[in-house]
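# An overview of the molecular structure
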Amino acid sequence: MNSRVRVITNKKTISEYIAEIWDYNELFWILAKRDIIVKYKQAVLGVGWAAIRPLITTLVMALAFGRLGRLGMNTSIPYMLIVSVGVTVWLYFSQSLTTISTSLVLNSNLVTKVYFPRLIIPLSSIFIGLVDVVVSLAVFAGLCIFYQFLPDWKIIFIPLILILTFLASFGVGLIAAVLNVKYRDIGQLISFVVQFGTFLSPVAYLTDAYKDASNGDLLYNLALLNPVTGCIDAMRWAMLGDFAPFNWYSFIPLVVFILVTFFYSIWFFRKHEDTFVDHI
Amino acid sequence: MTVLSVENISKKYILNSKGKSNDDLRDTITGWSKKLLNPGSPDQVKQDFWALKDIYFEVKQGDRLGLVGANGAGKSTLLKILSQITEPTTGSIKIRGRMASLLEVGTGFHPELTGRENIFLNGAILGMKKSEINRHFDAIVDFAGIEKFIDTPVKRYSSGMYVRLGFAIAAHLEPEILVVDEVLAVGDADFQKKSKDVSNSGRTLLFVSHNLTAVQGLCNKGVYLRSGELIKNGPIDEVITEYVKNVSKFQLEQVWTDPNPAPGNDFVKIKSIRLVPDESHTRPNLDTSTPLRLELEYWNFVDNAELNVSVFLYSMTGECIFNIGDEAQIYGKGIIKSVCKIPGDFLNDGSYYISVMIVRDRLAPVYFFEDAIAFDIIDYREGTEWVGKWPGAIRPKMIQVKSWQTELS
């Protein structure tokens, strides 16, 4: 028997808000599990798809940029390794972004029928991209064996950088999710952003490649504003041994970006969450 | 013990007038740019709409509270606030214990997931802990009768299995407060059994309906809402009397003094139609024992017309209970009056409505006056202890059952 008194009012304090989210942690796990089960169910290859995507993407990118674009000529380690790390981060970022931004609309049957802290829905998207991450890392490990390359101790930072990557997608994704409730245009916009982001982020080339272009410094500085640049640079530092030095110029903008978008997006979400049901 | 106290709840919606909605991005952006270019221009007029105004009531443990009111009275808004789908604009609600709403049957079922997976998903959505679901799992499956299909995706379920599974989960939630919307309640035997269980076990029931019979049969307290305001709060009988007095007025009579605006056509126009209780009836409401008289007057604009009147009585669900007509006669131009008597102890309790058709030459409809009268009959019983809903579209006392002993042993 649960005889706790609940109060429904429009004035909820932040600590009550957080406590309530914590209260629903079982729902969080179950929604995350549901998304993953549903994603790979009824596909003949099942989780196999998660393996194919990072693998093929890495191969195609390495072919296009490394061989045809001739960017892979002067690197001290095999170009495939560099691309593989970029693809790992990018797939996680783009999948999280897409899932978060559509999460509220896709769960409209829940939003309009039952109460639970709405923030659970976008939060539970953290895992859906992780399946791909795990497989991507396995692909990376396979490449390491193939090229006889040994990463050093810095790989312990991988989980931390993945969390940063999720947080980078979370702020923008959450704002997009809220707007998507009212303006379905945002869904289109996000798929656009993801499409162009694949090439505008240093997924299949090094961030330094910007410097070689004409107006190189300007382009490089613009690229630093892209949060994915920071994530990929940090991940290359962690996974590629001595090859990539730590790039503070892309890391600091990333942290600032996360702090600003995270808190702003939560404030924005909180402000609009009561009216979802009227617009969805 | 007070389990639910609603304190000065109000809910405001903002309506955009001029039919302008800013529901798509283009409108919003053009709206902004207009404001930028022409800051002095009047903004679109926004209107406040109070769906609920200062609602205040308390529910004690074990009460069965009926929430009545016409469509748009704010019942659903109050329900939405109670189940926390939207927040109140002002005021607060205190709830002791778990509240579950049967609005939510099958909510969040995912078609790709199996029955088993959906039980855990749906249970978590409704606020059950995993251990609780585990404890009730077999009972839920048993109640829903889907043992064989428990590992089949629910998209292959029949709609009946789907609803049963959803209901089984909600039924095992064991809430201290159960909120029920009539939509689900209508004709669901499982539900009725469950509601009885709830009221017998001393738990609290909140029943939302505009079906007075069901409310009266199930509840002991009532709250009557009209256009967002609380009109009456108290014992169910008083609340229902108040409600019936309010809703019945405008539909029991329609009168036109001038033929021009009156409904009809070039051949006939309706002058008046009214449903009145017979003079012998003294109680304030129309109840099952009340003899009723339907009076119709209409203008006939054609000389030598062979006309007759046909009366249709429908139940609330739209089924035609009866259709009767009078003998066709030749009438001249002028006003024609028809009267139809409906005896007492004939209709069941519930909502009914009446349509009238005027027929020419015994076969051609001249004018069909639809939904002319709408009325509620409330329950009236003598000589029975039973208080459940009396089944049937009608409850005719003229048809009788006689019993006698044929043999003594």
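Residues numbered from 1 in each chain as written. Chains lettered and ligands numbered in written order. Predicted model: local features only at pLDDT ≥ 70, side-chain atom pairs only at ≥ 80, totals over all residues. Heavy atoms only, no water.

## A word on the overall build of chain A
Counting its secondary structure elements, chain A contains 13 helices and one strand. Counting helices and strands in the order they occur from the N terminus, chain A gives β-α-α-α-α-α-α-α-α-α-α-α-α-α. Put simply, chain A has 280 residues, and 50% of those count as buried. A sequence separation of at least 24 residues applies to 80% of the contacts in chain A between residues at least 6 apart. (Helix = DSSP H or I, 4+ residues; strand = E, 2+ residues; numbered from the N terminus. Buried < 20%, exposed > 50% of the residue type's maximum accessible area, 1.4 Å probe, protein only. Contact = heavy atoms within 4.5 Å.)

## Description of the environment of Ile354 of chain B
Residues and elements named next belong to chain B. Along the chain, Ile354 turns up in strand S17 (residues 350–360). Residue classification places Ile354 among the buried residues on the basis of a relative accessible area of 0%. Linking Ile354 and Asn323, residues 31 residues apart in sequence, is a C-alpha distance of 9.8 Å. In contact with Ile354, not counting residues within four places along its chain, are Leu275, Leu294, Val311, Phe312, Leu313, Asp371, Ala372, Ile373 and Phe375.

## A look at the sheet that holds strand S6 (residues 177–181) of chain B
Residues and elements named next belong to chain B. If you walk across this open sheet you meet the six strands as S5-S6-S7-S3-S8-S9, and the pairing is mixed. A single partner strand is all that each edge strand has here, and the edge strands are strand S5 (99–101) and strand S9 (229–235). For this sheet, the mean inter-axis angle between neighbouring strands, taken without regard to orientation, is 15 degrees. Bridge count between strand S8 (residues 221–226) and S9: six bridges; the pairing is antiparallel. By the bridge assignment for S9, Leu225 is matched with Leu230. (Pairing = 2+ DSSP bridges. Axes fitted to C-alpha atoms, helices over the stretch in contact; angles between N-to-C directions.)

## Considering the environment of Met128 of chain B
Within the secondary structure, Met128 of chain B sits in the loop between helix H3 (115–125) and helix H4 (130–144). Between the alpha carbons of Met128 of chain B and Ile169 of chain B there is a distance of 9.8 Å; along the sequence they are 41 residues apart. Beyond its immediate stretch of four places on either side in the chain, Met128 of chain B contacts Glu26 of chain A together with Arg98, Gly123, Ile133, His136, His172 and Leu173 of chain B.

## Some remarks on the pattern of salt bridges
All names here are of chain B. Under the defined criterion, the tally for this structure stands at 22 salt bridges over all chains. Glu295 serves as the salt-bridge partner of Arg274, at 3.9 Å between the closest nitrogen and oxygen. Here Arg274, found in strand S11 (residues 268–277), pairs with Glu295, found in strand S12 (residues 292–300); they are 21 residues apart in sequence, far enough to count as distant. Residue classification places Arg274 among the partly exposed positions, given a relative accessible area of 22%. As a salt-bridge pair, Asp361 and Arg360 come within 3.2 Å of each other at their nearest N and O atoms. Relative accessible area serves as the criterion here: at 37%, Arg360 is assigned to the partly exposed category. What you see here is one network of salt bridges that share partners, running through Glu253, Arg274, Asp278, Arg293 and Glu295. (Salt bridge = Lys/Arg side-chain N within 4 Å of Asp/Glu carboxyl O.)

## Description of the packing of aromatic side chains
Residue and element names in this part refer to chain A. In the structure shown here, the tally under the stated rule is 30 aromatic pairs over all chains. Taking 5.4 Å as the distance between ring centres and 35 degrees as the angle between the ring planes, the aromatic pair formed by Trp29 and Phe127 counts as tilted. Pair noted here: Trp29 is in helix H2 (residues 25–40) and Phe127 is in the loop between helix H6 (120–123) and helix H7 (130–147), with a separation of 98 residues, a long-range link. Residue classification places Phe127 among the partly exposed positions, given a relative accessible area of 23%. (Phe/Tyr/Trp six-rings, centres within 6.5 Å; stacked < 30°, edge-to-face > 60°.)

## Side note on the pairing of strand S7 (residues 204–208) of chain B
Residues and elements named next belong to chain B. Most of S7 is tucked away, with five of its five residues classed as buried. In S7, alternate side chains face the same way, and those of Thr204, Leu206 and Val208 on one face and Leu205 and Phe207 on the other are all buried. For strand S3 (residues 64–68) and S7, the ladder comprises four bridges, and the chain directions are parallel. Within S7, the position partnered with Leu67 by the bridge is Val208. Where S6 and S7 come together, five bridges link them in parallel fashion.

## Thoughts on H4 of chain B
Along H4 of chain B, the sharpest kink reaches roughly 50 degrees, centred on His136 of chain B. Just beyond H4 of chain B, the residue with positive phi is Gly145 of chain B, at close to 65 degrees. (Bend = angle between axes of the 7 residues up to and from the residue.)

## Things to note about the interface of chain B and chain A
Listed per partner, the contact involves 46 residues of chain B and 38 residues of chain A. Interface area lost by chain B to chain A is led by Gln84, Ile85 and Glu87 of chain B, which between them contribute 19%. Our enumeration of links across chain B and chain A arrives at zero salt bridges. Where chain B touches chain A, the interface holds one residue pair in polar contact (both at pLDDT 80 or more). Among the secondary structure elements, those contributing two or more residues to the side of chain B that touches chain A are helix H1 (25–37), helix H2 (75–82), strand S4 (90–96) and H3 of chain B. A per-element tally of the side of chain B that touches chain A places S4 of chain B first, with seven residues. Residue composition of the side of chain B that touches chain A, by class: 18 nonpolar, 14 polar and 14 charged. (Buried area = accessible area lost by both parts, 1.4 Å probe. Polar contact = N/O pair within 3.5 Å; in protein donor to acceptor, adjacent residues only side chain to side chain. Nonpolar A, V, L, I, M, F, W, Y, C, P; charged D, E, K, R; others polar.)

## Remarks on the packing of H3 of chain B against H4 of chain B
Residue and element names in this part refer to chain B. Viewed as axis vectors pointing N to C, H3 and H4 meet at an angle of 130 degrees, and their least axial separation amounts to 10 Å. As the angle between them shows, H3 and H4 are arranged oblique. The chirality of how H3 crosses H4 is right-handed. Residues Arg116, Ile119, Phe120, Gly123 and Ala124 of H3 lie in contact with H4, whose contacting residues are Lys130, Ile133, Asn134, Phe137, Ile140 and Val141. Tallied by class, the residues present in the contact of H3 with H4 amount to seven nonpolar, two polar and two charged. (Parallel < 35°, antiparallel > 145°, perpendicular 65-115°, else oblique. Left-handed = near helix turned anticlockwise from the far one by under 90°.)

## Considerations on the side chain of Ser315 of chain B
Residues and elements named next belong to chain B. Residue placement: Ser315 occurs in strand S13 (residues 305–315). Overall, the relative accessible area of 10% leaves Ser315 in the buried class. Discounting chain neighbours no more than four positions away, the residues touching Ser315 are Ile321, Ser351, Tyr352 and Tyr353.

## Structural notes on a nonpolar patch on the surface
On the surface, Trp49, Ile52, Leu55, Ile56, Leu59 and Val60 of chain A cluster together into a nonpolar patch covering about 530 Å² of accessible area. Of note, Trp49 of chain A is situated in helix H3 (residues 48–68). (Patch = residues over 30% accessible without salt bridge, like charges linked within 9 Å, V, L, I, M, F, W, Y side chains within 5 Å. Areas by Shrake-Rupley, 256 points an atom, 1.4 Å probe, with all protein chains shown as cover.)

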